[in-house]
Amino acid sequence: MDTNLPGLNTSSNAQAKLEQYRPHLRITELGKVASIGDGIVWVEGLPSAAMDEIILFENGGEAQVFHLGKDRIGAILLNQRDSLIAGASAQLTGRRLDIGVGNEFLGRVIDPLGNPLDGLPVPTFSRRRSLEVSSPPIPSREFVARPLISGVKMIDTMIPIGKGQRQLIIGDAGTGKSSLALDTIIAQKGRDVLCVYVLISQKRSSVVATIETLRQAGVLDITCVVVAEATTTPGLKFLAPFAGCTLAEEWMWSGRDVLVVYDDLTTHARAYRELSLLLRRPPGREAYPGDIFYLHSRLLERSTALASKFGGGSMTALPIVETEQGEIAAYIPTNLISITDGQIYLDTGLYARGFLPAIDITRSVSRIGGKAQVPAIKTEAGRMKLDYLQFLELEVFTRFGARLEAGVEAKIKRGRLLRELLKQDRLSPLTPEQHMAWLIAFNDSKFDPQTQPLATLQKLLSRVSKQNMAMTATREAWLHLIEQDLQEAQHEPAS
Ligand SMILES: Nc1ncnc2c1ncn2[C@@H]1O[C@H](COP(=O)(O)OP(=O)(O)O)[C@@H](O)[C@H]1O
Ligand SMILES: [Mg+2]
C-alpha cells in the first residue's frame, strides 16, 4: 500500500521520472506586427495566443487579444506608442489584464489601466485584480435588504434602491441622467459608502465639470473617477466599465458598500461595436456584435450584496443608457432593461415643462428596492404614491376642458401641489429624516392651506435637518414635531 502523500516524491517514483525524462527544446513563439491603426493591431505568428491574453511588443507596448483569426490575431492596443510599427516583434505573456486596486485610488482620477490623469503620482497600491473575473457565485450572495439613499425625493420614496441593486437610468440626451447619478454619489457623504464614477466617451469639459462638482460637494475623497475620454481609443472605452467594476469589487470583497456609476453604456456599446467592426467580427442586430448582451450582463452580474459570511459588502450599480427620441425598444436599452433590477425613466416632455428631476413615475420601476426601503418611509410613501398615480390619470381629463366633479377637482388640485413638492434642484440631496418629514406633512394635508407651499417645504426641511429626530420615532412624535416646525416657520422670513 502506498502511504505517501500525493505529490511527495519517494525515491522509487523519482527514479521513474528520471527514466522518463527527455530533454526538449522550449519553443517560444515570436510574432510579428502585420498592421496597426485605430487603436488595434494585427499580429502574425502567435498561433497559441488565447483570448484576452496580453501581448508584449519589442518597444515595451502591450495589447490585449480580442480576436483569434486563422492566420493572424487582432488585439486592442493598451498604450499608444508611436514607435510601434509593422514588422515589430511580439510575444505572448500568458498574463491577463489586471489593474491596481485599493484605498489608494480614492480621490483619484485614473484611466482604465489605472494610470493617473489628475497630474498626481501613480498610486502606491499593494494589490492588483483581474479586469475580467466571474461574478460572485449564488451561495455567496444575500438578498438586497438595506436601502441606498439617493437623496432624490422621487427615487427614495417611489422607486427605492437597495444596496447591491442594479438600477438603470434611462432617457434621452440632456434629460438629467448624469445629474441623478451625481446626486446619488453626493448623498453618500457620511454614509460609509465608497463610489466609483466611470465616464465613457465624454468631452474633456464635461469630465472636468463632473470632477469639480464632486470636489465641491466634498465627495471626491470617497470616490474614484475612471475616465475614457471621447478622444481615446475604442479599446480603452471598452475596458473602462470593467476597470471601474474591478475597483469596486475589491472594496465589496473587503466588506465595504460601494456605488458604481457607468456613464454611459450606450457609448460603451458603440465603442465595442467599433472595435468589433475594426476586427471584422460579423455584425448582428443594429450592427452590434452578437455578444453585446453577454458583455453587459457579465459586467452587471458582478454587482450584488454579499452574505455576511463573505464580509457583507455590496456593489450597487447605476448604469446609464441614452435613448433617441424616447425609444426604449432599441437594442441596447431593451438589453439593459432586462439585465437590471429596475429603471428610472427620464422624459423630455417633463423636462421641457420644468418638472425636474424629469422622472416619469409611470414608466419607472424598482423590482427589488421596496424590500430594502426604510419601513417608515415605505408606509408614508405608499399613500403619497397612490395619490400621485391617481392624479396623473385624472389629469388627462382636464385637457378636454370638461366640467369635473368637486371630488375629482380636489384630487387634481392636491396632485398638482404634490408635483410641485416633488420638484428638486440638482445637488441638493435629502436625508431619510427629511423625506419622512415632508411625506408626513403632505399626507396630513399640511401643505394644502399654505399660500407658498414650496417656501414652507424648504423651511420644514432645513429645520428637520437640525433636529435629530429618530427615524424609528412614532408617527405621533413626528407629526408633533412637524406641526411645531410649521408653526414656527410661519413667523420666519422667507430665505
Ligand atoms: N433637478 C434638476 N434641476 C435643475 N437642472 C437640472 C436638474 N437635473 C438636470 N438639470 C440640468 O439639465 C441639464 C442636463 O443634465 P445632464 O445630467 O447632463 O443630462 P444627461 O446626462 O441626461 O445628458 C444640465 O444642464 C443640468 O444642469
Ligand atoms: Mg450625461
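Here the structure is a predicted model, which is why all the values come from computation and not from measurement.

Take the overall build of the protein next. Scanning the protein from N- to C-terminus turns up 14 helices and 20 strands. Seen through its C-alpha atoms, the protein measures out along the principal axes to roughly 95 × 55 × 45 Å. The burial tally for the protein puts 41% of its 495 residues in the buried class. Contacts in the protein between residues at least 24 apart in sequence constitute 72% of all its contacts with a sequence separation of at least 6.

Looking now at the site of ligand 1. Every one of the 13 residues lining ligand 1 counts as a neighbour, but G176, K177, S178, S179 and L356 are closest to it. At three residues, helix α3 (residues 177-186) tops the list of elements feeding residues into the shell around ligand 1. Residue contributions to the shell around ligand 1 reach at least three from each of two domains, namely domain 2 (100-373) and domain 3 (377-490).

Moving on, we come to the confidence of the model for the protein. Chain-level pLDDT for the protein is 93 on average; 97% of the residues reach the 70-or-more range. Scored below 50 in pLDDT, residues 1-8 makes one contact in the model with residues more than four places away or belonging to other chains.

Turning to the sheet that holds strand β1 (residues 31-37), a few remarks are in order. With respect to topology, six strands assemble into a closed barrel ordered β1-β2-β5-β4-β3-β6, the strand pairing being antiparallel. For this sheet, the mean inter-axis angle between neighbouring strands, taken without regard to orientation, is 45°. In the sheet, β1 pairs with strand β2 (residues 40-44) via five bridges, with the strands oriented antiparallel. Bridge pairing in β2 places K32 opposite E44.

Calculation criteria
Residues numbered from 1 in each chain as written. Chains lettered and ligands numbered in written order. Predicted model: local features only at pLDDT ≥ 70, side-chain atom pairs only at ≥ 80, totals over all residues. Helix = DSSP H or I, 4+ residues; strand = E, 2+ residues; numbered from the N terminus. Buried ≥ 20, exposed ≤ 12 C-beta atoms within 10 Å, placed from the backbone. Contact = placed C-beta atoms within 7 Å. Near = placed C-beta within 6 Å. Domains from an automatic or database assignment. pLDDT = per-residue confidence, 0-100. Pairing = 2+ DSSP bridges. Axes fitted to C-alpha atoms, helices over the stretch in contact; angles between N-to-C directions.

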